[in-house]
Amino acid sequence: MIDDILNANQPILFLGRPGVGKTTAIREIARTLADELRKRVVIVDTSNEIGGDGDVPHHAIGGARRMQVADASKQHHVMIEAVENHMPQVVIVDEIGTEAEATACRTIAERGVVLIGTAHGCFLENLIKNPTLTDLVGGVSSVTLGDEEARSRGTQKSVLERKGPPAFPIVIEMRDRGAWVAHDTAESVDALLVNKVPKVQLRLRDPEDGQVTMLECAYDQVEAQIMAQRAPQGGDGSNSNSSTASHDEDTAMAAATAQLRNTFNSSNIDDLVGGVLRNGGGSSSSSASNRSLQEVLAGTDLDPM
């Protein structure tokens, strides 16, 4: 799904919830880079999830070399050691989670080595708001503007800005195994800090033939685009009309949910919509779910972001 990015030799951070397939993805990336692109790849395998728990690495990583980490708290030291002693062109690390590891990522990026890593989180905003990992996307600082600059921007005098270049120029949100959202990290972070909607690239893989579709869209339209691309094609007669109407209503619901997520607490919105759909039943019509959603929203107090 990201052959073009790999060929461009760009550092990549995969972001997703536990179980979405981040480790599986970077294991295959390690094999592709080592065997097909002939790169010197070193894997820092702290939990032995990438190369296996044996002394001999699993064949799934191909010709990539693996460095095991005896103590998880020393992962950042092993990351630096990999760069200093093994002359890698690519370093792969799973589950970046501490400030020391984020600092090591910054150090590796400044040394001209391509870094591919993973971190837990559903959306890019999670990294921006996470003080431990925010340096991965450039960091955030409060800046006081002069009166003239504040007027020209149409903002308050105190604003949030990105501190520096991101350690990972590309961040990929893994919504599921077949739907990835690729960010130009610097542009997306800058837009989100001033409450604007960034442009992103949505990559969808067809589960039947494996074909990958790439779409440019606004960040707040990602869910709607995923539903629209995956909606079954209508048949003939009344079934076709019904499917089209249902698809339009599903798309509208997804767009409304994305808009609400931008305004209110995202976990509240996801729980709310999930509950409405469960109560409506898997075979219920979209219009019924929409009516139910409207009724619940009318009587629900939501926590603002």
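Going by the structure above, here's the rest.
As the structure is a prediction and not an experimental result, all values here were calculated from the model.

What to know about unusual backbone geometry
Here is step 1 of the chain: With a phi angle near 55 degrees, Arg38 is a residue other than glycine that sits in the positive phi range.
Here is step 2 of the chain: Note on placement: Arg38 falls in the loop between α2 (22–36) and β2 (41–45).
Here is step 3 of the chain: In this structure, Glu95 takes a positive phi of about 60 degrees despite not being glycine.
Here is step 4 of the chain: Mapped onto the elements of the fold, Glu95 is located in the loop between β4 (90–93) and α4 (99–110).
Here is step 5 of the chain: Overall, the relative accessible area of 34% leaves Glu95 in the partly exposed class.

Some thoughts on the pattern of salt bridges
Here is step 1 of the chain: Using the criterion set out here, one finds 11 salt bridges in the structure.
Here is step 2 of the chain: We note a salt bridge from Glu84 to Arg111, for which the minimum N-O separation is 3.4 Å. Here Glu84, found in helix α3 (residues 75–86), pairs with Arg111, found in the loop between α4 and β5 (114–120); they are 27 residues apart in sequence, far enough to count as distant.
Here is step 3 of the chain: Residue Arg111 is classed as partly exposed on the basis of its relative accessible area of 44%.
Here is step 4 of the chain: When the shortest N-O distance is used, the salt bridge between Glu223 and Arg175 registers 2.7 Å. Of the two residues, Glu223 sits in helix α8 (residues 222–230) while Arg175 sits in strand β8 (residues 170–176), which places them 48 residues apart along the sequence.
Here is step 5 of the chain: Using a relative accessible area of 13% as the deciding quantity, one classes Arg175 as buried.
Here is step 6 of the chain: The structure contains a network of salt bridges with shared partners spanning Glu28, Arg31 and Glu36.

Conventions and cut-offs
- Residues numbered from 1 in each chain as written.
- Predicted model: local features only at pLDDT ≥ 70, side-chain atom pairs only at ≥ 80, totals over all residues.
- Heavy atoms only, no water.
- Helix = DSSP H or I, 4+ residues; strand = E, 2+ residues; numbered from the N terminus.
- Buried < 20%, exposed > 50% of the residue type's maximum accessible area, 1.4 Å probe, protein only.
- Salt bridge = Lys/Arg side-chain N within 4 Å of Asp/Glu carboxyl O.

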